[in-house]
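# Structural features, examined
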Amino acid sequence: MALEAEEVEKIAHLARLGIDHDDIPEYARNLSDILAFVEHLNGVDTRGVEPLAHPLDAVQRLRPDEVTETDERELFQQNAPLTEAGLYLVPKVIE
Amino acid sequence: MHHKSLVELGAGLRQGEYSSEELTRSCLDRVAVLDPPLNSIITLTGEQALQAARDADARIRSGNAGPLTGIPYAHKDIFCTKGVRTSCGSRMLDNFIAPYDATVTRQLNAAGAVMIGKTNMDEFAMGSSNETSFYGPVSNPWDSETVPGGSSGGSAAAVAARLVPVSTGTDTGGSIRQPAALCGITGLKPTYGRVSRYGMIAFASSLDQAGPFARTAVDAALMLGAMAGFDPRDSTSVERAVDDYTGGLGDSLEGLKIGLPKEFFGEGLDGTVAVAVEAALGEYRKLGAVITEISLPNSQLAVPTYYVVAPAECSSNLSRFDGVRFGYRATDPADLEDLYKRSRGEGFGAEVKRRIMIGTYALSAGYYDAYYLKAQQARRLIREDFMRAFEQVDVIMGPTSPSVAFRLGEKSNDPVTMYLSDIYTIAVNLAGLPGMSIPAGFAADMPVGLQLIGNYFEEARLLNAAHRYQQVTDWHERIPPGYE
């Protein structure tokens, strides 16, 4: 399936990815090539085949609902671009 | 000292022939001279390494040394290392100082291994040539104009160039085996779930698996022994005791049933690579193995299946990079959406963006069944092929890569051609099986890898098959010119 420029823009928006306008034709071409390649799967008869999500068919392990982690906010926030009083700062969302 | 294997170095350390501090200094000196043109290391951790080496020396003197104590290693920059930048080859994490250790890091530290630095890699492990790294490409030590493979290109090049005896890698679609093949060294991808993924930056969570690079199977066995194990902090870690990976090394291969998938020897395989692989199989016949042709009829589905499953998981995993809590943040955002979009747009490179978009598309409303569900069904067919094959044979063998190392830039503008360089390795990840690549000769003066694929948790069997071959061949001892 060939993607048009506006579809690339829509996908980039869904993924919250800023793409330079000039790069869109090349993304459209590359993504279309990749989709055309994966569409080889369309010819495969998969009726009745159970989807495989985990190679060992394992199930989610559960653990007791107990606090095991200590508070390391200060350490973790050393990697944050912008914080104040232990809070992460972002541009104003509500006027 | 750089010619010695991990086993030989460990013996020398314990016998007091040299200290870990001397050994570590010698590695750091070699990196300083030889790595600038190779570019295999992103972050050198010399001071920390020397401190760890002195600690290891104390441990050796006290008689508590294990096989890895005092051994220098290079660590793929995908594993979190507390207090050390962990970039994952991306601008997004160029400023990220990991606040904790990955389980693999912790276990190698506990074994007394000495990390000398973090190795270059394709950005977020997405690539087969190491060319997508924010820190620039890595050269193949055998020919500086060619790629080392990827995504663990720096780790493979560092071992091939004898900068370190061993290193770590991760393998989502071939990222340990393919660079091992292209650089002429030994690499092992364990069974999915054998090695903890905790603290290993996620690309495709149902496929990612960590493993070692080494020059010999014996050294790889010792590394795997230290890396493997159940980890309650990784929900997909398998609760199963770790096998003894060295005990069976040297066992006879008499009667070992080896299957050759006919699909691995058809169109697309370089003729000179095929000749080297055939010669390697001849050695296995001499060792008493029985070789039969088998079929993996759904092989041609592996790469297309992978390029739905892996991007889908990547688009989900990489949504955490939002410019808010850690990582790259664009300057002067107009609003929150602009902050997200520009931080991600500027922080990620082109291949990562392509895969995020493919994954986003495949998972979006109206397309989920056609792409993701279909790929998961194809994935089961691929796994069933292997299960049928392992009813007939003990080990599957074939080429690791369809060609020797290709030239820098040769495939970087054509994603689909690049993806096909993993045509023989990807199915193994989709099925979650263990696989290895070992040096098996040369084609046009460049190394050729032989791939060994085992049934679930049969790493010990693969390691023995690799070791027996290395006892009767010397391909793994060849050193790239200029690195003697």
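Computed from a predicted model, the values in this text were never measured in an experiment.

So, on to the overall build of chain A. Of the regular secondary structure elements, chain A holds three helices and two strands. Ordered by position in the sequence, the α and β elements of chain A form the string α-α-α-β-β. Against the compact-globule benchmark of 12 Å for 95 residues, chain A has a radius of gyration of 22 Å, which places it well outside the compact range. Based on the C-alpha atoms only, the size of chain A along its principal axes is roughly 55 × 45 × 25 Å. Among the 95 residues that make up chain A, the fraction classed as buried is 16%.

A few words on the pairing of strand β4 (residues 166-170) of chain B. All names here are of chain B. β4 sits mainly inside the fold: five of its five residues count as buried. Side-chain alternation along β4 places Val166, Thr168 and Thr170 on one buried face and Ser167 and Gly169 on a second face that is also buried. When β4 meets strand β6 (residues 210-214), the two strands line up antiparallel, connected through five bridges. Bridge pairing links threonine 168 to proline 212 in β6.

A separate point is the interface of chain A and chain B. Contact residues are listed per partner, giving 41 residues for chain A and 51 residues for chain B. For the side of chain A that touches chain B, the elements supplying multiple residues, two or more each, are α1 (5-14), α2 (24-38) and α3 (73-77) of chain A. At seven residues, α2 of chain A tops the list of elements feeding residues into the side of chain A that touches chain B.

Take helix α2 (residues 20-38) of chain B next. Bending of α2 of chain B peaks at approximately 40° at the position of alanine 32 of chain B, with proline proline 36 of chain B no more than four residues after it. On its buried face, α2 of chain B is in contact with α1 (6-14), β1 (41-44), α3 (46-61), β2 (72-76), β3 (114-119) and α5 (153-160) of chain B.

Counting 164 residues, the largest nonpolar core has Val114, Val395 and Leu452 of chain B as its most contacted members. Valine 114 of chain B has contacts with Ser20, Thr24, Ala49, Ala52, Ala53, Ala56, Gly70, Ile71, Pro72 and Tyr73 of chain B, leaving out every residue within four places of it along the chain.

Conventions used here
Residues numbered from 1 in each chain as written. Chains lettered and ligands numbered in written order. Predicted model: local features only at pLDDT ≥ 70, side-chain atom pairs only at ≥ 80, totals over all residues. Helix = DSSP H or I, 4+ residues; strand = E, 2+ residues; numbered from the N terminus. Rg over C-alpha atoms; globule rule 2.2 N^0.38 Å. Buried ≥ 20, exposed ≤ 12 C-beta atoms within 10 Å, placed from the backbone. Pairing = 2+ DSSP bridges. Contact = placed C-beta atoms within 7 Å. Bend = angle between axes of the 7 residues up to and from the residue. Core = buried A, V, L, I, M, F, W, Y, C linked by C-beta atoms within 7 Å.

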